[in-house]
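Below are the chains, spelled out letter by letter.
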Amino acid sequence: MSSVLRPASTGDAHRTAGAYKPVSSHLAIAPPVSVVIPAMNEAENLPYVFKTLPGWIHEVVLVDGNSTDGTVEVARELWPEVKVVEQRGRGKGDALITGFEACTGDIIVMVDADGSADGHEIVSYVSALVSGADFAKGSRFANGGGTDDMTFIRKLGNWALCTIVNRKFGARYTDLCYGYNAFWRHCLDKIDLDCTGFEVETLMNIRVVKAGLKVQEIPSHEYLRIHGTSNLRAVRDGFRVLNVILRERSNRRDLRRRAERSPMLDSVRGELS
């Protein structure tokens, strides 16, 4: 698929020409792409992660969660230009928010540090964004996707939570709790992330829909974590995700009520009556 850039003035083109890079025969040029990798004690997995990252990306932002196994040193050896940011809080959401703030690219890609994501897929995410999408959402259950790392219980839970979000917020997701996503930087102004835990991915998926942003799902294959053990706990984290869904639904009702009680709306109603 041939992709073109969003329209820009001649002056804008001159200012950004140096930052745009050729990608492949399918994507002629791409805006600066920042890849954010939250990591805590992932030194053994980083060689697999960095091996698949395309050379044309603008920057890699590694958010280090106080690692003690040499994660930062390994990252700098593998990618000398890596931007290392120290995480001051706790949780995946906090790490991602910290990384997003440090990005300078027009497009931001979220990649896990456990080796489960294939960096070669980034071109598909970028292609979707430069073709008109605001948010490119990875999906293990879209046609062409897959996973080697989900038990039946986790698949069932993901399906149930995804069904709730689709019905309550008018979304059309096939996958809800997946951390491989990409988006234009301007989306951050519209989704206002305020979640520090694992459930941040669900929060993002809900708020992009509530903000009216254009979402395109990207088939993605999730591989097994290569080294170490996951901190994921299906039941505990499932309830945390459900809590986010209920909270966002409640916030939506509160906004509707406030709009119905708005003095401006009352005056309009008065004029029409």
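A brief structural summary. Here the structure is a predicted model, which is why all the values come from computation and not from measurement. (Residues numbered from 1 in each chain as written. Predicted model: local features only at pLDDT ≥ 70, side-chain atom pairs only at ≥ 80, totals over all residues. Heavy atoms only, no water.)

**A look at the overall build of the chain**
- Along the backbone of the chain there are ten helices and eleven strands.
- With 273 residues in all, the chain has 46% of them scored as buried.
- Taking all contacts inside the chain whose residues are at least 6 apart in sequence as the whole, residues at least 24 apart take part in 75%.
- For the chain, the computed accessible surface area is about 14,100 Å², with 53% contributed by carbon and sulfur atoms. (Helix = DSSP H or I, 4+ residues; strand = E, 2+ residues; numbered from the N terminus. Buried < 20%, exposed > 50% of the residue type's maximum accessible area, 1.4 Å probe, protein only. Contact = heavy atoms within 4.5 Å. Areas by Shrake-Rupley, 256 points an atom, 1.4 Å probe, with all protein chains shown as cover.)

**So, the packing of aromatic side chains**
- Tallied over the entire structure, the rule returns five aromatic pairs.
- Note on Phe100 and Phe183: the rings are 5.3 Å apart at their centroids and 85° apart in plane angle, and the pair reads as edge-to-face. Of this pair, Phe100 sits in helix α4 (residues 92-102) while Phe183 sits in strand β9 (residues 181-184), and the two are 83 residues apart along the sequence.
- On the basis of relative accessible area, Phe100 is assigned to the buried category, the value being 3%.
- What makes Phe183 buried here is its relative accessible area of 0%.
- Between Phe135 and Phe183, the aromatic rings sit 6.0 Å apart at their centres with planes inclined by 10°, giving stacked as the arrangement. Placement of the pair is Phe135 in strand β7 (residues 135-139) and Phe183 in strand β9, with a sequence separation of 48 residues.
- Members of the aromatic cluster, each reached through a chain of ring pairs, are Phe100, Phe135 and Phe183.
- In this structure, Lys137 is placed above the aromatic ring of Tyr173, and the distance from its NZ or CZ to the ring centre is 5.4 Å. (Phe/Tyr/Trp six-rings, centres within 6.5 Å; stacked < 30°, edge-to-face > 60°. Lys NZ or Arg CZ within 6 Å of the ring centre and 35° of its normal.)

**A closer look at the sheet that holds strand β10 (residues 215-219)**
- Read across the open sheet, the seven strands follow the order β5-β4-β3-β6-β9-β7-β10; overall the sheet is mixed. Each having just a single partner strand, β5 (83-86) and β10 make up the two edges of the open sheet. Shown here is a sheet whose adjacent strand axes are inclined to one another by a mean of 20°, direction ignored.
- Pairing analysis gives six bridges linking strand β3 (residues 33-39) to strand β4 (residues 59-64), with the strands arranged parallel. Residue pairing in the sheet places Val35 in a bridge with Val60 of β4.
- Helix-sheet contacts for α4 involve β3, β4, β5, β6 (107-110) and β9, and the interaxial angle to β4 is about 145°.
- Against the sheet, helix α8 (residues 200-210) engages β6, β7, β9 and β10, with an angle of about 135° to β7. (Pairing = 2+ DSSP bridges. Axes fitted to C-alpha atoms, helices over the stretch in contact; angles between N-to-C directions.)

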